[in-house]
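One letter stands for each residue in the lines below.
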Amino acid sequence: MPASPDVAVIGAGIVGCAVAAFLAEAGASVVVVERDDVAAGASGRNSGILQHPMDAALAPLAAETLADYRTLAEHGFGLAAEPDGILVVGHDEPALDREAAVLRAAFPELGAELLPVGQPATVEPALAPDLAAIRLATGHAVPPGSATRAFAARACAAGAEIRTGAAATLAPGGVRAGPGTLAAGAVVVAAGPWTPQLVDPSGAWRPIAQLWGVVCELRLPEPPRHGLEEAGIEGLVGMGGEPDLLFSLVTANGDSGLGSTFLAAEPDPAGLVPLLRERGARFVPALAEARVTGLRACARPRSADGLPLLGRAPGRSDVFVAAGHGPWGMSLGPASARLVADLVLEREAAPPAAFDPARFA
Ligand SMILES: Cc1cc2nc3c(=O)[nH]c(=O)nc-3n(C[C@H](O)[C@H](O)[C@H](O)COP(=O)(O)OP(=O)(O)OC[C@H]3O[C@@H](n4cnc5c(N)ncnc54)[C@H](O)[C@@H]3O)c2cc1C
């Protein structure tokens, strides 16, 4: 580990690994400090779908992120040329019809198309026959931690070091990790929902909250090819008012992930399995019997306005924040990371105002 790298990054999730890769490729010496392991947080425990975030402010980040992911082939991560597609499923066909019209007007690139009651089951035989759906031309299903591990490999190939098993705190002029202090020219805090407590241990600055998700891992005899999402998932970006459980099902390489919860407090994952299964079976009847092979749970870093925090920590010239992507971090993280890397490298003077952490100062 360099005695004093140009940049120390706290957190080896998708954002921290991507920011380390971009900085190291630009010639900076970089050390990533991760308290657990690469992809130990939400970046290894998500549902695994890379998708359009259905938000105009975020859509360019999603498009850039897909392009970033396409550069990772030599690090063991590939994306199909075409998306697997998403079916937004529900029982209320008129409501889905209205939602499809809204999506067509706002995001023509999604090609939102209503599938009337009964038709989804002809497209995806695993679906219940009484469902309608909106088909969207977005959504690549990938194993949950694969993109993060590929970005970690890319960062290391460019000379970055990733130090795992060491919790960090901010220290004057660097970070404190384990017994020692690491002096660094700049620090990027990419610690997901734990970012505010690192930036401001006093507890006064809390623009990012934890939104806990549980996903059941299982194998279905005939898993759907599309990612499936219960209508309503696109409303999860804002604060408050959202349901605490919405069905989703994503299958990558034959492994399906049945989600998910949206809870403020850390749940008992095993206790939620019956609820997830019961909810899921309304949409995919085979879920009632499918054997659960594993569970993953983690907190989404949900910001107070649904947009990430990308830029200098309020009142700090040498500390940058890269966090707060809520339910879309796998779909947006690398583009956000590039934006923060450009700020650290002084290629850009300021972040877009909508993402500036100073909006919560
Ligand atoms: C159930 C669930 C399903 C999801 N599904 C999707 C999806 O399908 N598509 C999508 O786009 N997004 C999805 N998301 C959201 C996405 O996973 C997150 O937005 C994204 O992973 C956040 O990445 P991150 O790098 O900001 O944070 P994290 O992945 O949380 O990484 C932060 C890292 O910081 C480390 N850390 C924390 N504190 C310290 C410290 N003091 N010192 C050192 N290290 C520290 C943690 O151990 C962790 O590894 C989902 C999230 C959940 C929970």
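Everything discussed here concerns the structure shown above.
Residues numbered from 1 in each chain as written. Predicted model: local features only at pLDDT ≥ 70, side-chain atom pairs only at ≥ 80, totals over all residues. Heavy atoms only, no water.

(A) Here's a closer look at the packing of helix 1 (residues 14–25) against helix 5 (residues 146–157). The contact between helix 1 and helix 5 brings their axes to 8 Å, and the two run at 25°. Our classification of the angle between helix 1 and helix 5 gives roughly parallel. With respect to the hand of their crossing, helix 1 and helix 5 are arranged in left-handed fashion. The residues of helix 5 that touch helix 1, namely those facing Ile14, Cys17, Ala18, Ala20, Ala21, Phe22, Ala24 and Glu25, are Ala147, Thr148, Phe151, Ala152, Arg154 and Ala155. Tallied by class, residues from the contact of helix 1 with helix 5 come to eleven nonpolar, one polar and two charged. (Axes fitted to C-alpha atoms, helices over the stretch in contact; angles between N-to-C directions. Helix = DSSP H or I, 4+ residues; strand = E, 2+ residues; numbered from the N terminus. Parallel < 35°, antiparallel > 145°, perpendicular 65-115°, else oblique. Left-handed = near helix turned anticlockwise from the far one by under 90°. Contact = heavy atoms within 4.5 Å. Nonpolar A, V, L, I, M, F, W, Y, C, P; charged D, E, K, R; others polar.)

(B) Highlighting the nonpolar core. Counting 51 residues, the largest nonpolar core has Val30, Tyr69, Phe77, Phe151 and Val188 as its most contacted members. Mapped by element, the contributors of at least two residues to this core are strand 1 (7–10), helix 1, strand 2 (30–34), helix 2 (59–69), helix 5, strand 12 (186–189), strand 19 (319–323) and helix 8 (329–344). No other element matches helix 1, which puts ten residues into this core. Those residues in contact with Val188, other than ones at most four positions away along the chain, are Val7, Ala8, Val9, Ile10, Val19, Phe320, Ala322, Val340 and Val344. The next biggest cluster of nonpolar side chains, apart from the first, holds 29 residues, and it includes Leu218, Leu220, Leu263 and Val273. (Core = buried A, V, L, I, M, F, W, Y, C linked by side-chain atoms within 4.5 Å. Buried < 20%, exposed > 50% of the residue type's maximum accessible area, 1.4 Å probe, protein only.)

(C) Fine view of the packing of aromatic side chains. A full pass over the atoms with the stated rule returns four aromatic pairs. With 5.7 Å between their ring centres and 75° between their planes, Phe22 and Phe151 make a pair best called edge-to-face. Placement of Phe22 in helix 1 and of Phe151 in helix 5 is noted, with a sequence separation of 129 residues between them. For the pair shown, Phe22 and Phe151 are each scored as buried. One aromatic cluster is present, formed by Phe22, Tyr69, Phe77 and Phe151 through successive ring pairs. (Phe/Tyr/Trp six-rings, centres within 6.5 Å; stacked < 30°, edge-to-face > 60°.)

(D) Molecular detail of the sheet that holds strand 16 (residues 255–261). Strand order in the open sheet formed by eight strands is 5-6-4-14-15-16-13-17, with mixed pairing between adjacent strands. On the outer flanks of this sheet lie strand 5 (113–115) and strand 17 (292–303), each paired with one strand and no other. Strand-to-strand twist of the sheet, defined as the mean angle between neighbouring strand axes without regard to direction, takes the value 20°. Looking at chain direction, strand 13 (residues 208–218) and strand 16 are connected through three bridges and run antiparallel. Paired with Cys216 across the two strands is Leu258, which belongs to strand 16. Packing against the sheet, helix 3 (residues 93–106) makes contact with strand 4 (86–90), strand 5 and strand 6 (132–136), and its axis sits at approximately 15° to strand 6. Packed on one face of the sheet, helix 7 (residues 269–281) meets strand 13, strand 14 (227–230), strand 15 (245–252), strand 16 and strand 17 and runs near 100° to strand 16. (Pairing = 2+ DSSP bridges.)

(E) Layout of helix 5. Here helix 5 is twelve residues long and its end C-alpha atoms lie 16 Å apart, about the 16 Å a rise of 1.5 Å per residue gives. Looking at the buried side of helix 5, the elements it contacts are helix 1, helix 2, strand 8 (161–164) and helix 8. Positive phi shows up at Gly159, right after helix 5, with a value of about 110°. (Expected span 1.5 Å × (residues − 1).)

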